[in-house]
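Coordinates in review
Single-letter residue listing:
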Amino acid sequence: MRAVKLSGPGTLTLEDVPIPEPGPGQVRIKVTSAGLCQSDLHVLHMKDWPVRNMTMGHEGAGIIDAVAPDVSGPAVGDPVIVDLIWSCGQCRPYVEGRGNACAVAGSRTAFPTTPGLGPNGAMADYQVVPARQTLPLQGLDPATAAPLGDAGVTPMHAINTVRDRLIAGATVVVIGVGGLGHLGVQILAATTGARIVALDTDPAKVAAAAGHGAHLALPSGADAAARILAETDGYGADVVLDFVGVQPTIDLAAATVAPEGAVRLVGLGGGRFPMSAVGDGTVLPWGVNVQRSYGGTRTDLLQVLALARGGRLRVDTVAYPLDEFQRAFDDLAAGRLSGRAVLIP
Ligand code: NAD
Ligand code: ZN
């Protein structure tokens, strides 16, 4: 079968590898869509990524085509989506509903096991996964569903951690309306009463944001902080979701969050958050709650799938044949995509 392999720093190759057999507790999926994430580019360009010759792809959907003898439940022919995070299913954080902070599959400094960022991922004809890390698609199109597993789940998780703040009258700022952000805006519009202000540096993304449900869309330029403060009577936004994470967007988040507000850092752009015990007018207002947000839980995925089935969450996909993976990665890197690129084996 074909698989897109990370063969070295900065280099992806399409390799011919044996079709994997499911081991105990596993199923094999005939992949129908695999999403491309900006995180794939971060990994691609890391000089010291620890997993050699890994198949890329942490967003996958497909049809189960083989199951191990000990598996009950998922069956051959079932259309499924694959969990982003393969938590242990037993540790205290998992049982408490925080599988994205699994104490066994992850650690204080390492993120939990994630396919395509460790185990072989979905950018291949077939993917073998633990049976318990799949969920039925139940009517969703397997050719476009894959991005729900990360680009849907990760914003849903960040939003769920601030959901009590997103009431009518509140303002939420979304920075970056790309793969994650265009679904984040839709989730906010579908499930909260807050006014949504979306920002992006790309005029095409700004123009598209209203169609996703943003009430106000702004260019993420030098005057963005002043615009947001003006929109909130100088008080600031109740919640800022940063789906970029570069220094300018983190500074924007810090400069526009309200006292007692919340910031969720999702983007992995390498910026640093300004934090100080003493306020001198240049750091944060009092009481601000800041979280680095990683992925999401199966509960978040269930909610994303329910919204999509109800027609309230639509992934804008740009499809590429698996063989043309390089063109898809180049388009993502150049910012030429709108929505999410998916590879179709
Ligand atoms: P994407 O390329 O699809 O979207 C990024 C968007 O940000 C684009 O629309 C781009 O125009 C916009 N942008 C770039 N610079 C900007 C700026 N200075 N101000 C405003 N907008 C700007 O990327 P994506 O796949 O949506 O991923 C977004 C980020 O989230 C990446 O850093 C990715 O690695 C990260 N990520 C994190 C998690 C997590 O669990 N924390 C999960 C998935 C992705
Ligand atoms: Zn991702």
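Residues numbered from 1 in each chain as written. Chains lettered and ligands numbered in written order. Predicted model: local features only at pLDDT ≥ 70, side-chain atom pairs only at ≥ 80, totals over all residues. Heavy atoms only, no water.

**A look at the nonpolar core**
Note the threshold: Here, the term nonpolar core denotes a set of buried Ala, Val, Leu, Ile, Met, Phe, Trp, Tyr and Cys residues that are joined through side-chain atoms within 4.5 Å. Relative accessibility decides the category of a residue: with a 1.4 Å probe and only protein chains considered, values under 20% of the type maximum give buried, values over 50% give exposed, and everything between is partly exposed.
Counting residues in hydrophobic clusters, the biggest one holds 41 residues, and the most contacted among them are Leu148, Leu166, Val172, Leu188, Leu241 and Leu313. Within the second largest apolar cluster, 24 residues are counted, among which are Val43, Trp49, Phe329 and Leu332.

**Some remarks on the site of ligand 1**
Which entries qualify depends on this criterion: Throughout, the term near means that a residue has one or more heavy atoms lying within 4 Å of the molecule or strand in question. Counted as a polar contact is a pair of N or O atoms within 3.5 Å, where, for protein atoms, one must be capable of donating a hydrogen and the other of accepting one, and residues adjacent in sequence contribute only when both atoms are in side chains. Accessibility throughout is a Shrake-Rupley quantity obtained with a 1.4 Å probe, and a residue counts as covered only by protein chains that appear here. Here a helix means four or more residues in a row that DSSP labels H or I, a strand means two or more in a row labelled E, and each is numbered from the N terminus.
Of all residues adjacent to ligand 1, which total 29 residues, the nearest are Gln38, Ser39, Asp200, Gly295 and Arg340. Contact distances for ligand 1 include 2.8 Å between an oxygen atom and a backbone N or O atom of glycine 179. At 3.0 Å, a backbone N or O of valine 266 approaches a nitrogen atom of ligand 1. Surface burial for ligand 1 is 88%, taken as the share of its 860 Å² of free accessible area covered by protein chains. For the shell around ligand 1, the secondary structure elements donating two or more residues are helix 1 (38-44) and helix 4 (179-191).

**Details of the side chain of histidine 182**
Short version of the rule: We call two residues in contact whenever any of their non-hydrogen atoms come within 4.5 Å of each other.
Its location among the elements puts histidine 182 in helix 4. Here glycine 179 takes part through its backbone oxygen, which lies 2.9 Å from a polar atom of the side chain of histidine 182. Among the polar contacts listed, one links the side chain of histidine 182 to the backbone nitrogen of aspartate 316, at a separation of 3.1 Å. Setting aside its immediate chain neighbours within four residues, histidine 182 contacts Val177, His212, Arg314, Val315, Asp316, Gly339 and Arg340.

**Describing the pattern of salt bridges**
It is possible for side chains of opposite charge to pair when their charged atoms get near one another. Note the following rule: By salt bridge we mean one thing: a side-chain nitrogen of Lys or Arg within 4 Å of a carboxyl oxygen of Asp or Glu.
Throughout the structure, instances matching the rule amount to 14 salt bridges. Residues arginine 2 and aspartate 323 are paired through a salt bridge, measuring 2.7 Å at the closest nitrogen-oxygen approach. A residue pair is termed long-range when its members are at least 10 positions apart, and arginine 2 in strand 1 (residues 2-8) and aspartate 323 in the loop between strand 15 (317-321) and helix 9 (325-333) qualify at 321 residues. Residue aspartate 323 is classed as partly exposed on the basis of its relative accessible area, which comes to 46%. Three or more residues are tied together by salt bridges with common partners; here these are Arg2, Asp125 and Asp323.

**Concerning the sheet that holds strand 2 (residues 11-16)**
The cut-off we apply is this: By definition, two strands form a pair when at least two bridges between them are found by DSSP. Axes here refer to lines fitted to C-alpha atoms; in helices the fit is confined to the stretch in contact. Angles between the N-to-C directions go from 0 to 180 degrees.
Pairing is antiparallel in the open sheet, where three strands are placed in the order 2-1-4. Looking at the sheet topology across the chains shown, the edges are occupied by strand 2 and strand 4 (54-55). The pairing of strand 1 with strand 2 spans six bridges and is antiparallel. Note on strand 2: the bridge partner recorded for lysine 5 is threonine 13. Relative to the sheet, helix 9 contacts strand 1 and strand 2, its axis offset from that of strand 2 by approximately 160°.

**A look at the pairing of strand 6 (residues 79-82)**
Where strand 5 (residues 59-67) meets strand 6, three bridges bridge the pair, whose relative direction is antiparallel. Across the sheet, isoleucine 63 pairs through a bridge with proline 79, a residue of strand 6. Taken together, the three bridges between strand 6 and strand 8 (residues 134-136) define a ladder with antiparallel strand orientation. Across the sheet, residue valine 80 finds its bridge partner in strand 8, namely proline 136.

**Some thoughts on the environment of proline 274**
Counting through the fold element by element, proline 274 comes out in the loop between strand 13 (257-265) and strand 14 (289-292). With residues near it in sequence (within four places) discarded, proline 274 still touches Ile250, Ala254 and Leu284.

**Topic: helix 5 (residues 203-212)**
Along an α-helix, residues three or four positions apart point the same way, because every turn accommodates 3.6 residues. As a reminder, the rule being used: What the arc covers is the set of directions going from the helix axis to the C-beta atoms.
Taken together, the buried positions of helix 5 are Lys205, Val206, Ala209 and His212. The buried residues of helix 5 occupy one face: seen down the axis, they fall within an arc of 110°. Residues of helix 5 that are exposed and point more than 90 degrees away from the buried face comprise Pro203, Ala204, Ala207, Ala210 and Gly211. Of the surrounding elements, those touching the buried residues of helix 5 are helix 4, strand 10 (195-200) and strand 11 (216-219). N-capping of helix 5 is provided by aspartate 202, with a side-chain oxygen placed 2.9 Å from the backbone N of alanine 204.

**Quick word on unusual backbone geometry**
Despite not being glycine, asparagine 53 shows a phi value in the positive range, around 55°. Tracing the backbone shows asparagine 53 in the loop between helix 1 and strand 4. Judged by relative accessible area, asparagine 53 falls into the partly exposed class, the value being 35%. A positive phi angle, close to 55°, is found at aspartate 233, a residue other than glycine. Among the structural elements, aspartate 233 can be located in the loop between helix 6 (224-231) and strand 12 (237-242).

**Quick look at the packing of aromatic side chains**
Here is the rule: Side-chain rings of Phe, Tyr and Trp, where Trp is taken by its six-membered ring, are said to pair if the distance between their centres is within 6.5 Å; with planes under 30 degrees apart they count as stacked, over 60 as edge-to-face, and otherwise as tilted.
Per the stated rule, a full pass over the model turns up two aromatic pairs. Consider the rings of tryptophan 49 and phenylalanine 111, whose centres lie 6.5 Å apart with planes at 20°: the pair is stacked. In this pair, tryptophan 49 is assigned in the loop between helix 1 and strand 4 and phenylalanine 111 in the loop between helix 2 (92-95) and strand 7 (126-130), connecting sequence segments 62 residues apart. When its relative accessible area of 15% is taken as the criterion, tryptophan 49 is described as buried.

**Some remarks on the pairing of strand 15**
Stated precisely, the cut-off is as follows: With its strands directed away from the observer, a crossover is right-handed exactly when the path from the first strand over the helix to the second travels clockwise.
Relative to strand 16 (residues 340-344), strand 15 is paired through five bridges, and the arrangement is parallel. Along strand 16, the bridge assignment pairs valine 318 with alanine 341. With helix 9 bridging strand 15 and the parallel strand 16, this β-α-β connection has right-handed handedness.

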